[in-house]
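An overview of the molecular structure
Spelled out from the first residue to the last, the chains are:
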Amino acid sequence: MFPIRDHNPSTRTPYITYALIAINVVVFISYWPLFSDEVAIAGFFDDWAMIPSEVMQGGESHTLLTSIFLHASIMHLLGNMLFLWIFGDNMEDQMGHLGFLAFYLASGIGADICQLMADPNSDIPTVGASGAIAGVMGGYLLLYPKARVDIIFIFIVFFKIFPIPAWVMLIFWLGLQLLNGVLSDPNTGGVAYWAHAGGFVLGLLLAIPIWLKLGATEFWHRTHGHPPHPDAVYDRSSIPTVTRRK
C-alpha cells in the first residue's frame, strides 16, 4: 500500500522539485556501474555517505549534505522520487522556489543529524533523500491535512486505488517509522527510521512560519484543510465566501 498521487493542484511550476528529482536521478546513474564491484561501491559510499561514527569524530561533515543525494538501489530511488513528486510541488508553491530549496536541504541535513544522534557509534553508511522528503511530508501535513491522496492497495494480482485524507496517510506513515525505529536493531543496517521520523517532525516545525503567514487556522478555514477549487475565489475577510469565475 503506497500513495501514487494527490488531488492538490499547484499554481506555479515546481522548478526546484523537478530539479531535485533530476539531480537525484543523474547522480544515481553516475555511480550505477560501481554496484557491480563491491569494493568500489563500498569505497564510494565511504567517501560520500553519512557514517555516524566518522562524523562524530569530527570528520566527513560534508556527508550530512551529500548523503541526501545518494541511493542504495533503483527501487530506493524510485520510491523517494515518487513521494517528492507527489508532495513537493505544493510545498514549493507556498514557500517559493528558493525557500523550498532551503527547506528541503535543512530537512535532509536535520534528518541525518537525528539518525546520527540515534546511533552515534554506527559504522554503517546512511544514504537517501528520505529524510528530506519526510520533511516535505511533515510540512504538507501542516498545510494540507485534508487534501485527498490516492493510495494503491496491491494483494497478489489484485489492486485497488482509493483516496484518503492526507493526514491519515501521513500520520500512519510517521507511526510506522516510530514503531520500526523502536523495534529495529540499528547495528544491522537497513532503513534509517529515525532519519525519517526526525525529518518529518523537523519539516512540520519549519513549515510553521509559512502556515502562520498564510493565516494559521484561518488558512484551514478558507481551504477546509485541502486545496481550493481552481475556479474558486476566496474573500480575505474573517468569514470567507466563495464565488465562481464565469
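Reading the values: the criteria
Residues numbered from 1 in each chain as written. Predicted model: local features only at pLDDT ≥ 70, side-chain atom pairs only at ≥ 80, totals over all residues. Heavy atoms only, no water. Helix = DSSP H or I, 4+ residues; strand = E, 2+ residues; numbered from the N terminus. Buried < 20%, exposed > 50% of the residue type's maximum accessible area, 1.4 Å probe, protein only. Contact = heavy atoms within 4.5 Å. Pairing = 2+ DSSP bridges. Core = buried A, V, L, I, M, F, W, Y, C linked by side-chain atoms within 4.5 Å. Axes fitted to C-alpha atoms, helices over the stretch in contact; angles between N-to-C directions. Phe/Tyr/Trp six-rings, centres within 6.5 Å; stacked < 30°, edge-to-face > 60°. Polar contact = N/O pair within 3.5 Å; in protein donor to acceptor, adjacent residues only side chain to side chain. Salt bridge = Lys/Arg side-chain N within 4 Å of Asp/Glu carboxyl O.

Once that is clear, we can look at the overall build of the chain. Along the chain, the regular secondary structure elements total 11 helices and 5 strands. Residue burial in the chain is summarised as follows: out of 246 residues, 43% are buried. Taking the intrachain contacts of the chain between residues at least 6 apart in sequence as the baseline, contacts between residues at least 24 apart amount to 72%.

The subject of this paragraph is the pairing of strand β2 (residues 148–155). Pairing geometry for strand β1 (residues 2–6) and β2, over 4 bridges, is antiparallel. Each residue of the ladder has a partner; that of aspartate 6, found in β2, is valine 149. Inspection of the sheet shows β2 paired to strand β3 (residues 158–165) by 8 bridges, in the antiparallel sense. Looking at the pairing, isoleucine 154 lines up with phenylalanine 159 of β3.

So, on to the nonpolar core. Residues Phe87, Met91, Phe100, Met137, Met169 and Leu170 are the most contacted members of the largest nonpolar core, which totals 52 residues. Sorting elements by how many residues they give to this core places helix α7 (residues 130–143) first, with 9 residues. Beyond its immediate chain neighbours, meaning those up to four positions away, leucine 170 contacts Phe87, Met137, Tyr140, Leu141 and Phe200.

Attention shifts here to the sheet that holds β3. With antiparallel pairing, 3 strands are arranged side by side in an open sheet as β1-β2-β3. A single partner strand is all that each edge strand has here, and the edge strands are β1 and β3. Each strand axis lies, on average, 30° off the axis of its neighbour in the sheet, ignoring direction. Across the sheet, helix α5 (residues 74–95) touches β1 and β2, and the angle it forms with β1 is around 35°. Against the sheet, helix α8 (residues 166–183) touches β1, β2 and β3, its axis set at about 105° to β3.

Our focus in this paragraph is the packing of aromatic side chains. Within this structure, the stated rule accounts for 18 aromatic pairs. Judged by centre distance (5.7 Å) and plane angle (25°), the ring pair of tyrosine 18 and tryptophan 85 falls under stacked. Of this pair, tyrosine 18 sits in helix α1 (residues 15–31) while tryptophan 85 sits in helix α5, placing them 67 residues apart in sequence. Summarising the aromatic geometry, the rings of tryptophan 211 and tryptophan 220 are spaced 5.1 Å apart at their centres and angled 45° between planes, so their arrangement reads as tilted. The class for tryptophan 211 is buried, based on a relative accessible area of 14%. An aromatic cluster is defined as three or more aromatic residues linked by ring pairs; in this entry it consists of Phe28, Tyr31, Trp32, Phe35, Phe44 and Phe45.

Secondary-structure assignment places histidine 196 in helix α9 (residues 193–206). Note on histidine 196: relative accessible area 11%, which makes it buried. Here serine 130 takes part through its side chain, which lies 3.5 Å from a polar atom of the side chain of histidine 196. Dropping the residues within four chain positions of it, histidine 196 is found in contact with Ser130, Gly131, Ala134, Trp173, Gln177 and Val191.

With that out of the way, let us pick up the pattern of salt bridges. For the structure shown, the criterion picks out 2 salt bridges. One salt bridge connects aspartate 150 with arginine 5, and the closest N-O pair in it is separated by 2.7 Å. Of the two residues, aspartate 150 is situated in strand β2 and arginine 5 in strand β1; the sequence distance between them amounts to 145 residues. Across the pair aspartate 93 and arginine 12 runs a salt bridge, and its minimum N-O distance is 3.4 Å. On the criterion of sequence distance, the pair formed by aspartate 93 in helix α5 and arginine 12 in the loop between β1 and α1 is long-range, its members being 81 residues apart. Of the residues examined, aspartate 93 reaches a relative accessible area of 9% and is grouped as buried.

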